[in-house]
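# A look at the structure
Chain residues, written in single-letter form:
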Amino acid sequence: PGRFVCNYTYCLSLDQCQSVNDSLEKNMQQSTKQLVGCHSLFLHVTPFAEISEDNQLGFIVSLLKLIDKSIPQKLNNGTTTKTSVG
C-alpha cells in the first residue's frame, strides 16, 4: 500500500533538490557550496497498529536531532556553527 505515492514523492523531492543544487552550483563560490544546499529525506510512517505512534514519534525526534547535529549552519560573519533541536 502506498508504494506508488511514496516512490513518486521521494523521486520528485530528489529531482527538485537536484535542480536547486544545480542552480546553486552555478551561482556560488566554492567555499560556500558545502554549507548550503538541498537535501531530501523520505520517511515512511507505518500504520500505528504495526508500530505505535509513540515509538514512531520518538524515532522521528531522534532522527531530526541527528540531522540537526550533522549540518553546520552558516552565520552572517562567515563562520559555521551547529544548531540544536530541543
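What you are looking at is a predicted structure, and each value in this text was computed from that prediction instead of being measured.

Basis of the calculations
Residues numbered from 1 in each chain as written. Predicted model: local features only at pLDDT ≥ 70, side-chain atom pairs only at ≥ 80, totals over all residues. Heavy atoms only, no water. Helix = DSSP H or I, 4+ residues; strand = E, 2+ residues; numbered from the N terminus. Contact = heavy atoms within 4.5 Å. Areas by Shrake-Rupley, 256 points an atom, 1.4 Å probe, with all protein chains shown as cover. Disulfide = S-S within 2.5 Å. Patch = residues over 30% accessible without salt bridge, like charges linked within 9 Å, V, L, I, M, F, W, Y side chains within 5 Å. Salt bridge = Lys/Arg side-chain N within 4 Å of Asp/Glu carboxyl O. Phe/Tyr/Trp six-rings, centres within 6.5 Å; stacked < 30°, edge-to-face > 60°. Buried < 20%, exposed > 50% of the residue type's maximum accessible area, 1.4 Å probe, protein only. pLDDT = per-residue confidence, 0-100.

Attention now goes to the overall build of the protein chain. Across its full length, the protein chain holds three helices and two strands. Ordered by position from the N terminus, the helices and strands of the protein chain form the series α-α-α-β-β. For the protein chain, the proportion of contacts with a sequence separation of at least 24, taken over those separated by at least 6, is 26%. Carbon and sulfur atoms make up 58% of the accessible area of the protein chain, which amounts to about 7,100 Å² in all.

Inspection of the entire model under this criterion finds one disulfide. Covalently, cysteine 17 is tied to cysteine 38 through a disulfide, its sulfur atoms 2.2 Å apart. Since a negative S-S torsion denotes a left-handed disulfide, the cysteine 17-cysteine 38 link at about -50° is left-handed. Separated by 21 residues along the polypeptide, cysteine 17 in helix α1 (residues 3–27) and cysteine 38 in the loop between α2 (30–33) and α3 (53–70) bring together distant segments of the chain.

Our focus in this paragraph is a nonpolar patch on the surface. Among the surface-exposed residues, Phe4, Val5, Tyr8 and Leu12 lie close enough to one another that they form a single nonpolar patch of about 460 Å² accessible area. When you line up the elements, tyrosine 8 lands in helix α1.

Bringing the packing of aromatic side chains into the picture now. By the definition in use, this model includes two aromatic pairs. The interplanar angle of 50° and the centroid separation of 6.4 Å between the aromatic rings of tyrosine 10 and phenylalanine 42 together place this pair among those described as tilted. One end of the pair, tyrosine 10, is in helix α1; the other, phenylalanine 42, is in the loop between α2 and α3, with 32 residues separating them in the sequence. For tyrosine 10, a relative accessible area of 34% translates into the label partly exposed. By relative accessible area, which is 31% here, phenylalanine 42 ends up partly exposed.

Attention shifts here to the environment of leucine 43. Residue position: leucine 43 is located in the loop between α2 and α3. Accessibility expressed as a relative area gives 34% for leucine 43, which makes it partly exposed. Setting aside anything within four residues of it in sequence, one finds leucine 43 in contact with Phe59, Ile60 and Leu63.

What follows covers the confidence of the model for the protein chain. Across the protein chain, pLDDT averages 79, with 72% of residues at or above 70. Mean pLDDT across the secondary structure elements of the protein chain bottoms out at strand β2 (residues 80–82), with 49, and peaks at α3, with 93.

With that settled, consider the environment of leucine 14. Within the element layout of this structure, leucine 14 appears in helix α1. Leucine 14 gets classed as partly exposed once you look at its relative accessible area, which sits at 37%. C-alpha of leucine 14 to C-alpha of serine 40: the two residues are 26 residues apart in sequence and 5.9 Å apart in space.

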